[in-house]
Amino acid sequence: MEEQQLSMIEQFNNWLGGVGGFVWGPYMLIPLLLGVGVIMMIGLKFLPFRKLGYAFGVMWKGRKHDPEHEGELSPFQALMTSMAATVGTGNIVGVATAIYFGGPGAVFWMWITALFGMATKYCEAVLAVHYREVTPNGSYVGGTMFYIKNGMGPKWKWLAFIFAIFGAVASFGIGNMTQANAITSNIVNLTGVSEWVIAVILLILCLVVLVGGVKRIGNVAGTLVPVMALIYIIGGIFSLILHADQVPVAFGLIFGHAFAPAAASGGFLGATVAMAIRFGVARGLFSNEAGLGSAPMAHATAIVKSPVRQGLLGMIDPFLDTIVVCTITALVILTSGHWNDPAVTGPATLTSMSFATALPGTWGSYLVTIGLVLFAFSTILGWCVYGERCIIYLFGDKGALPFRVFFSLIVPVGAMSELTLVWNLADLFNGLMAIPNLIALLVLCPVVFKLTTEYFNGNEYDRK
């Protein structure tokens, strides 16, 4: 009987993996997400490229906010809360997965995905602020479900409801259990500390931060995200300096195999151009989440008058996440020589072996472990905000605190569990979130274009 039940679970898990692979595959999300990004980029007249410097200026000013404006977090804290969820294990393991299966050319397609994702994230953040609401408890809530309801009208409420369900379920998988498991496994492998000890510490940290609500999460994210990203980037740059002679070679591999097959060599099995595109785009989208509808829920909390100003911060997210952090990881992997090493048994070991070789002593192993732990913990914080916003949409303010407590209690479960099934569920629901969001973006993009034109043609553009 037990063997039969196990077989049924395995079959269900395999079915989930197949459905998730289709949702994230070349016939559904990849063309949809890229297509929407292209439409937004053209409609915005390539604003993410033209105004990137201006956007960084807005980000710097966004560390402080005008007390007369409405919202809960400073614009910078709202961006960091969004980045807390996106700068995660995808920046380390996701990049390794893209290279391991798609070859060095996959990195080029990650870049392309991020560049068009900047336009998508801009539109998401603009709509999030423009259509946000204030709950009876004074919380500023927004995101896909709110701009569907308030922008597309009452007849589309069913689509907003579906998104909220998908988002709430996904938060426990991709934003909770899988991240806790990544933290535990990496600390155990490096230090040998008991899983129970790590699970208890994680529970305490989550209760202290998450139960305090979005303002406490924003304060922690505003400090943690810049620090952890800076540590990782500095470590990566130091590695590249030590192997400076290999950096041009690495770029040659990236551009050379973006449009030409990568032949099998060493432990690398080879990759076609189609594989490079598929894994580069899929891992790029998974890393920066542009178009999935998650980040708007964080940007909606910003204390800002103009939706466009927060949109400018939103478009910085994919740039920092993929163009900067993911590129650092990719170059370290390619300059280390391990990307086609027969000793590499999978994507999980590729990054750790690369950094261990690239940096002297044990610094490389510690850097990857610390990076994974901090990135994964920050993802837990960001996705708690996302799940809570979905719950508030479904049940009102009364559901917020119970959700935060329950979300915290699930963390140690994920820390000590086998999560193959959870990973597949998380991957599927994370992808399903994108469909209602992409429909809303296509319908409401004229609103974004109008607000953008008014902003840059008006007096507010010059306001300090």
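Just so we're clear, the structure is a prediction, and the values are computed from it rather than from any experiment.

Scoring rules and cut-offs
- Residues numbered from 1 in each chain as written.
- Predicted model: local features only at pLDDT ≥ 70, side-chain atom pairs only at ≥ 80, totals over all residues.
- Heavy atoms only, no water.
- Helix = DSSP H or I, 4+ residues; strand = E, 2+ residues; numbered from the N terminus.
- Rg over C-alpha atoms; globule rule 2.2 N^0.38 Å.
- Areas by Shrake-Rupley, 256 points an atom, 1.4 Å probe, with all protein chains shown as cover.
- Lys, Arg positive; Asp, Glu negative; His and termini not counted.
- Charge placed at Lys NZ, Arg CZ, Asp CG, Glu CD.
- Salt bridge = Lys/Arg side-chain N within 4 Å of Asp/Glu carboxyl O.
- Phe/Tyr/Trp six-rings, centres within 6.5 Å; stacked < 30°, edge-to-face > 60°.
- Buried < 20%, exposed > 50% of the residue type's maximum accessible area, 1.4 Å probe, protein only.
- Lys NZ or Arg CZ within 6 Å of the ring centre and 35° of its normal.
- Expected span 1.5 Å × (residues − 1).
- Bend = angle between axes of the 7 residues up to and from the residue.
- Contact = heavy atoms within 4.5 Å.
- Axes fitted to C-alpha atoms, helices over the stretch in contact; angles between N-to-C directions.
- Parallel < 35°, antiparallel > 145°, perpendicular 65-115°, else oblique.
- Nonpolar A, V, L, I, M, F, W, Y, C, P; charged D, E, K, R; others polar.
- Left-handed = near helix turned anticlockwise from the far one by under 90°.
- Core = buried A, V, L, I, M, F, W, Y, C linked by side-chain atoms within 4.5 Å.

Q: Before we move on, could you go through the overall build of the protein and cite the residues and values that matter?
A: For the protein, the count of helices and strands is 20 helices and 2 strands. At 21 Å, the protein has a C-alpha radius of gyration in line with the 23 Å of a compact globule built from 464 residues. Of the roughly 18200 Å² of accessible surface on the protein, a fraction of 68% belongs to carbon and sulfur atoms. In the protein, the 23 positive side-chain charges and the 22 negative ones have mean positions that sit 14 Å from each other.

Q: Please set out the pattern of salt bridges residue by residue, giving values where relevant.
A: Enumeration over the complete set of coordinates arrives at 5 salt bridges. Residue Glu388 pairs with Arg389 through a salt bridge whose shortest N-O separation is 2.5 Å. Through salt bridges with shared partners, a single ionic network connects Glu388, Arg389 and Arg404.

Q: If you had to explain the packing of aromatic side chains to someone new, which residues and values would you point to?
A: In this structure the tally under the stated criterion is 23 aromatic pairs. Plain terms: the ring middles of Phe166 and Phe429 are 5.8 Å apart, the flat faces sit at 65° to each other, and that makes the pair edge-to-face. Taken together, the residues Phe166 in helix H9 (residues 157-191) and Phe429 in helix H19 (residues 420-432) connect sequence positions 263 residues apart. Each member of the pair, Phe166 as well as Phe429, is classed as buried. Members of the aromatic cluster, connected to one another through ring pairs, are Phe108, Trp109, Trp111, Phe251, Phe255 and Phe259. The positively charged end of Arg278 is found above the aromatic ring belonging to Phe279, 5.2 Å away from the centroid.

Q: Give me helix H7 (residues 105-130): which residues, what numbers.
A: End to end, H7 covers 39 Å across 26 residues, agreeing with the expected 38 Å (1.5 Å per residue, within 8%). Roughly 30° is the biggest bend found in H7, and it falls at Gly117.

Q: Now, about the side chain of Glu124: what can you tell me, with residues and values included?
A: The residue Glu124 is located in helix H7 in this model. No salt bridge is formed by the buried Glu124, whose closest oppositely charged neighbour, Lys121, lies at an N-O distance of 5.5 Å. Not counting the four nearest positions on each side in its chain, Glu124 is found in contact with Tyr147, Ala290, Gly291, Leu292, Gly293, Pro296, Asn437 and Leu441.

Q: Mind laying out the packing of helix H8 (residues 144-152) against H9, listing which residues take part and the relevant values?
A: Where H8 contacts H9, the axes come no closer than 8 Å and their chain directions differ by 175°. By the angle class used here, H8 and H9 are roughly antiparallel. On the side of H8, the interface is formed by Thr144, Met145, Ile148 and Lys149, while H9 contributes Lys157, Leu159, Ala160 and Phe163. Looking at the contact of H8 with H9, its residues break down into 5 nonpolar, 1 polar and 2 charged.

Q: I'd like a description of the packing of H7 against helix H15 (residues 307-336), backed by residues and values.
A: In a packed pair of helices, the relevant descriptors are the angle between the two axes and the axis-to-axis distance. In the contact formed by H7 and H15, the axes pass within 7 Å of each other and the chain directions differ by 155°. On the basis of their axis angle, the class for H7 and H15 is roughly antiparallel. H7 and H15 meet at a crossing whose hand is right-handed. When its residues are assigned to classes, the contact of H7 with H15 shows 19 nonpolar, 7 polar and 2 charged.

Q: Tell me about the nonpolar core, and please be specific about residues and values.
A: One finds Tyr122 and Leu312 to be the most contacted residues of the largest nonpolar core, which totals 149 residues. If we ignore the near neighbours within four places in the chain, the residues touching Leu312 are Leu47, Lys51, Tyr54, Ala55, Val58, Tyr122 and Phe456.

Q: So, unusual backbone geometry: which residues are in play, and what are the values?
A: Positive phi, normally seen in glycine, also occurs at Lys45, with a value near 55°. Tracing the backbone through its elements, the reader meets Lys45 in the loop between helix H2 (29-43) and helix H3 (47-50). Taking relative accessible area as the criterion, Lys45 reaches 63% and is therefore assigned exposed. A positive phi angle, close to 60°, is found at Glu289, a residue other than glycine. Mapped onto the elements of the fold, Glu289 is located in the loop between helix H13 (273-288) and helix H14 (296-299). Taking the relative accessible area as the measure of exposure, Glu289 reaches 4% and is therefore buried.

Q: Just give me the short version of the environment of Glu289, but keep the residues and values in it.
A: Taking the C-alpha atoms as reference, Glu289 lies 9.9 Å from Met83; in sequence the two are 206 residues apart. With sequence-adjacent residues up to four places away left out, Glu289 is seen in contact with Ala85, Thr86, Lys121, Ser294, Trp383 and Tyr386.

Honestly, it's all geometry; don't read function into it.
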